[in-house]
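Observations on the three-dimensional arrangement
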Amino acid sequence: MQWTTLTSEEQLIELISRSRETPQVIFKHSTRCSISSVAFQRIDKAQKPPATDFWLLDVLTSRPLSQQVAQRFGVNHESPQVLVIKNGECVYDDSHLGISMQDIASQVLMA
């Protein structure tokens, strides 16, 4: 799986813009959390849906950006957490062991 590291507000703006053409997935990850590591490994090893960009946001090194993502998309900040962004809006989010590629793919493929 190819991940793009999300580290700046400029990248977040780019991600939102790109979501109008291609679904974007943000995975908020804590390297200190074993549940986050398990969820990340499950997603990282799974077959990703076609034409979808995946972004990795380290909540420890980019805490203000992580909070900004939660505020921008109207979701509670959690870690681990996955958000599916389409047309500039969060159409799906889940956290902890509820995170699955099957659920992500079903949201990505919805019209």
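So, here's what we can say about the structure. (Residues numbered from 1 in each chain as written. Predicted model: local features only at pLDDT ≥ 70, side-chain atom pairs only at ≥ 80, totals over all residues. Heavy atoms only, no water.)

A word on the overall build of the chain
The line we're drawing: Helix numbering and strand numbering both begin at the N terminus, where a helix is a DSSP run of H or I of at least 4 residues and a strand a DSSP run of E of at least 2. Only C-alpha atoms enter the radius of gyration, while the globule expectation follows 2.2 Å times N to the 0.38, with N the number of residues. Residue exposure (1.4 Å probe, protein chains only): buried if accessible area is under 20% of the type maximum, exposed if over 50%, otherwise partly exposed. By the convention used here, residues are in contact when the closest approach between their heavy atoms is within 4.5 Å. To be clear on the numbers: accessible area is Shrake-Rupley with a 1.4 Å probe, and residue cover counts the displayed protein chains and nothing else. Two residue types count as positive, namely Lys and Arg, and two as negative, namely Asp and Glu; His and chain ends fall outside the count. We put the charge of a Lys on NZ, of an Arg on CZ, of an Asp on CG and of a Glu on CD.
In terms of regular secondary structure, the chain is built from four helices and five strands. Traced from its N-terminal end to its C-terminal end, the chain shows the element sequence β-α-β-α-β-α-β-β-α. The C-alpha radius of gyration of the chain comes to 12 Å, within 12% of the 13 Å expected for a compact globule of 111 residues. Expressed as a percentage of the 111 residues in the chain, the buried residues total 49%. Taking the intrachain contacts of the chain between residues at least 6 apart in sequence as the baseline, contacts between residues at least 24 apart amount to 65%. Total accessible area on the chain is roughly 5,900 Å²; 48% of this is exposed by carbon and sulfur atoms. Across the chain, the mean location of the 10 positive side-chain charges is 3 Å away from that of the 12 negative side-chain charges.

Focus: the sheet that holds strand 4 (residues 81-86)
Using the following cut-off: By this definition, two strands are paired if DSSP reports at least two bridges between them. As a rule, the C-alpha atoms of each element are fitted with a line to give its axis, helices using only the stretch in contact, and angles between N-to-C directions run from 0 to 180 degrees.
Taking strand neighbours across the sheet as the criterion, the five strands line up as 1-3-2-4-5 in an open arrangement whose pairing is mixed. Two strands bound the open sheet, and with one partner strand each, they are strand 1 (4-5) and strand 5 (89-95). Strand direction decides the pairing type here: strand 4 and strand 5, joined by six bridges, are antiparallel. Considered in strand 5, the bridge of K86 is made with E89. The strands that helix 3 (residues 63-73) touches are strand 2 (24-29), strand 3 (53-58), strand 4 and strand 5; relative to strand 2, the one it contacts most, it runs at about 135°. Relative to the sheet, helix 4 (residues 101-109) contacts strand 2, strand 3, strand 4 and strand 5, its axis offset from that of strand 4 by approximately 15°.

Description of the pattern of salt bridges
Which entries qualify depends on this criterion: In the sections that follow, a salt bridge refers to a side-chain nitrogen of Lys or Arg positioned within 4 Å of a carboxyl oxygen of Asp or Glu.
As enumerated under the stated definition, the model contains two salt bridges in all. Between R18 and E14 there is a salt bridge, with the nearest N and O atoms lying 3.2 Å from each other. Linking R18 with E14, this pair stays in helix 1 (residues 9-18), spanning four residues, or about one helical turn. The salt bridge involving D53 is made with R18; its shortest N-O contact spans 2.8 Å. Taken together, the residues D53 in strand 3 and R18 in helix 1 connect sequence positions 35 residues apart. Taking relative accessible area as the criterion, R18 reaches 35% and is therefore assigned partly exposed. Counted as one network, the salt bridges with shared partners bring together E14, R18 and D53.

Structural notes on helix 3
The α-helix advances 3.6 residues per turn, and as a result positions three or four apart in sequence lie on the same side. To be explicit about the condition: This arc corresponds to the set of directions leading from the helix axis out to the C-beta atoms.
Burial in helix 3 covers these residues: L65, S66, V69, A70 and F73. Taken end-on, helix 3 shows its buried residues confined to a sector of 145°, consistent with a single buried face. Opposite its buried face, helix 3 presents the exposed residues P64 and Q71, each directed more than 90 degrees away. Where helix 3 is buried, its residues meet helix 1, strand 2, strand 3, strand 4 and strand 5. Phi turns positive, to about 65°, at G74, one or two residues after helix 3.

Nothing here speaks to function; it is all geometry.
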